Amino acid sequence: MVGPNGAGKTTTIECVEGMRRPDGGEISVLGQSVRRQARALRPRIGVQLQAAALPPRMRVWETLDLYTAFYPRTVDWRVLLERLHLQDKINAPFAKLSGGQKQRLFIALALINDPEIVFLDELTTGLDPHARHAMWDLVREIQGEGKTVFLTTHFMEEAERLCDRVAIVDHGRLVALDKPANLIREHGGDSRVVVSADGDSASDGLANLEGVTRVDRRNGQVVVHGRGARLVARVVMSLAERGCEIHELRTEQPNLEDVFLKLTGRAMRE
């Protein structure tokens, strides 16, 4: 589930998890009512919150040992530590863990009851690229075990790479729900050809080419928007015919970020 800041992502996931009472309606998870069957449902789900903390001096093994006592059925937390590459931190206090290590610990706590559905809220916010990609690999492992992962994120690349289906919410309403490829096909818009070429006239005539919908200049480059299998060939041939020397050329395909911006707008939000 993706959406702008304030769209209602965390509110929605907290309602689905049973942590927040909705204003109306009914929510069912795994065939059970979140409101009326909460006690039976909780052992079947795992939750990683957007913002969470533990006592600073509480050690990693103490945390996992404590959480094991909360459930009637659990997995071996020592195996989880090895899987999440935290075995060397078993005696470390929570305050001494890095941001990525804390996130991995919270995932271990979400998996300790061997849940059928795992809720991950803004899993990689604040992590560096290396830690973010490590988290992506972990999510794929969880999916590979046959578990359902409900993920909220504001990273479009994360949603596009990890998710089988993407829900886009805006102002508390669902505006789109489909496979990433289908959303891109329906709402992604034009492909882009970005060219760096000699001469101020490099963009002349490009707007009249078949399949071209718009031509812009961006940081000294010409950006040609359009569709069609021969769009790149037509742009290159047009530049060559006018004697323009091409220094750089690349294509940009529409992606989930284009879909997101089209459906939710580009205005800055607080």
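Use the structure listed above.
Residues numbered from 1 in each chain as written. Predicted model: local features only at pLDDT ≥ 70, side-chain atom pairs only at ≥ 80, totals over all residues. Heavy atoms only, no water.

A. Here's a closer look at a nonpolar patch on the surface. A grouping of V232, V236, I246 and L249 is seen on the molecular surface, where their side chains present a nonpolar patch of about 230 Å² in accessible area. Take V236: it is sitting in helix α9 (residues 231-241). Judged by its relative accessible area of 30%, V236 falls in the partly exposed class. (Patch = residues over 30% accessible without salt bridge, like charges linked within 9 Å, V, L, I, M, F, W, Y side chains within 5 Å. Areas by Shrake-Rupley, 256 points an atom, 1.4 Å probe, with all protein chains shown as cover. Salt bridge = Lys/Arg side-chain N within 4 Å of Asp/Glu carboxyl O. Helix = DSSP H or I, 4+ residues; strand = E, 2+ residues; numbered from the N terminus. Buried < 20%, exposed > 50% of the residue type's maximum accessible area, 1.4 Å probe, protein only.)

B. The arrangement of the packing of helix α8 (residues 180-187) against helix α10 (residues 256-264) in detail. It is at 9 Å that the axes of α8 and α10 come closest, and there the two elements cross at 60 degrees. The angle between α8 and α10 places the two elements in the oblique class. Seen from above, α8 lies across α10 with left-handed handedness. For the pair formed by α8 and α10, the contact residues are L183, I184, E186 and H187 on the first element and L256, V259, K262 and L263 on the second. (Axes fitted to C-alpha atoms, helices over the stretch in contact; angles between N-to-C directions. Parallel < 35°, antiparallel > 145°, perpendicular 65-115°, else oblique. Left-handed = near helix turned anticlockwise from the far one by under 90°. Contact = heavy atoms within 4.5 Å.)

C. Just unusual backbone geometry, in detail. Phi is positive for L30, which is not a glycine, with a value near 55 degrees. You can see L30 is positioned in the loop between β1 (28-29) and β2 (32-33). Residues other than glycine seldom take positive phi values, yet D114 does so here, at roughly 50 degrees. Considering the arrangement of structural elements, one finds D114 in the loop between α5 (99-111) and β4 (117-121).

D. Examining the nonpolar core more closely. Membership of the largest hydrophobic core comes to 44 residues, with the highest contact counts inside it found for L64, L105, I107 and V166. Among the elements that line this core, the one with the most residues is α5, at seven residues. Ignoring anything within four residues of it in the chain, the contact list for L105 reads L54, V60, L64, L86, F94 and L97. In terms of nonpolar packing, the next biggest core, distinct from the first, is built from twelve residues, V195, L206, V222 and C244 among them. (Core = buried A, V, L, I, M, F, W, Y, C linked by side-chain atoms within 4.5 Å.)

E. Up close: the pattern of salt bridges. What the rule picks out here adds up to 18 salt bridges. Two residues, E26 and R35, come together in a salt bridge whose shortest N-O distance is 2.8 Å. For E26, a relative accessible area of 48% puts it in the partly exposed group. Between D76 and R78 there is a salt bridge, with its nearest N and O atoms 3.7 Å apart. By relative accessible area, R78 is classed as partly exposed at 49%. One continuous salt-bridge network, built from bridges that share partners, spans R192, E248, R250, E252 and D258.

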